[in-house]
Amino acid sequence: FKTSLMLRIGFSDKLTLAAANQWNEEYRYSRAYVTKDLNPYLESDFSLVGGASRESVEAYIKQFRSMIRTFVEFISKRENATTPTPTSPPQPFEFR
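Visitor: Would you mind going over the environment of Ser-76 with me for this structure?
Guide: As for its placement among the helices and strands, Ser-76 is situated in helix 2 (residues 54–76). Judged by relative accessible area, Ser-76 falls into the partly exposed class, the value being 34%. Separated by 63 residues in the primary sequence, Ser-76 and Asp-13 have C-alpha atoms spaced 9.4 Å apart. Side-chain polar atoms of Ser-76 contact the backbone oxygen of Val-72, separated by 2.8 Å.

Okay, here's the thing in structure tokens:
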């Protein structure tokens, strides 16, 4: 039995660890991290403990899409930033 869903998206742009930490301090329901090459990722978890309805999962996906737009704006505001480009489309559900 899986207990959570995860959505994640990565970008080819660069983001400092300090900027990722700033995101994590300012925004709830998602977290940012950077790879060793400073490529930013945004991810979010959805707990299935106690069950989940189709509507709640759809709301979770909609909220994550909104967070992606906000994250793109956040990355774009960084010094010397270009328009962020996803390294790949958002990954499908990952059951854990």
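There is more to say, and it comes next.
Visitor: Would you explain the packing of aromatic side chains in this entry?
Guide: Overall, the coordinates contain eight aromatic pairs when judged by the stated rule. Here the aromatic rings of Trp-23 and Tyr-27 are separated by 3.9 Å at their centres, their planes lie at 20°, and the arrangement is stacked. Relative to Phe-74, the ring of Trp-23 lies with its centre 5.3 Å away and its plane at 70°, an arrangement referred to as edge-to-face. Placement of the pair is Trp-23 in helix 1 (residues 17–26) and Phe-74 in helix 2, with a sequence separation of 51 residues. The same class applies to Trp-23 as to Phe-74, namely buried.

Visitor: Any chance you could explain helix 1 here in plain terms?
Guide: The periodicity of an α-helix, 3.6 residues per turn, causes residues three or four positions apart to be oriented the same way. Every buried residue belonging to helix 1 is among Ala-19, Ala-20 and Trp-23, and all of these are buried. Seen end-on, helix 1 carries its buried residues on one side only, within an arc spanning 100°. Facing away from the buried side of helix 1 by more than 90 degrees, the exposed set consists of Leu-17, Ala-18 and Glu-25. Elements in contact with the buried residues of helix 1: strand 2 (31–34), strand 3 (40–47) and helix 2.

Visitor: Could you clarify how one ought to interpret unusual backbone geometry in this entry?
Guide: In terms of backbone geometry, most residues other than glycine have negative phi values and most peptide bonds are trans. Despite not being glycine, Tyr-29 has its phi angle at roughly 75°, a positive value. Positionally, Tyr-29 belongs in the loop between helix 1 and strand 2. A positive phi is found at Leu-38, a non-glycine position, where the angle reads about 70°. Relative to the assigned elements, Leu-38 resides in the loop between strand 2 and strand 3. Exposure remark for Leu-38: the relative accessible area of 36% places this residue in the partly exposed category.

Basis of the calculations
- Residues numbered from 1 in each chain as written.
- Predicted model: local features only at pLDDT ≥ 70, side-chain atom pairs only at ≥ 80, totals over all residues.
- Heavy atoms only, no water.
- Helix = DSSP H or I, 4+ residues; strand = E, 2+ residues; numbered from the N terminus.
- Buried < 20%, exposed > 50% of the residue type's maximum accessible area, 1.4 Å probe, protein only.
- Polar contact = N/O pair within 3.5 Å; in protein donor to acceptor, adjacent residues only side chain to side chain.
- Phe/Tyr/Trp six-rings, centres within 6.5 Å; stacked < 30°, edge-to-face > 60°.
- Arc of directions from axis to C-beta.
- Contact = heavy atoms within 4.5 Å.

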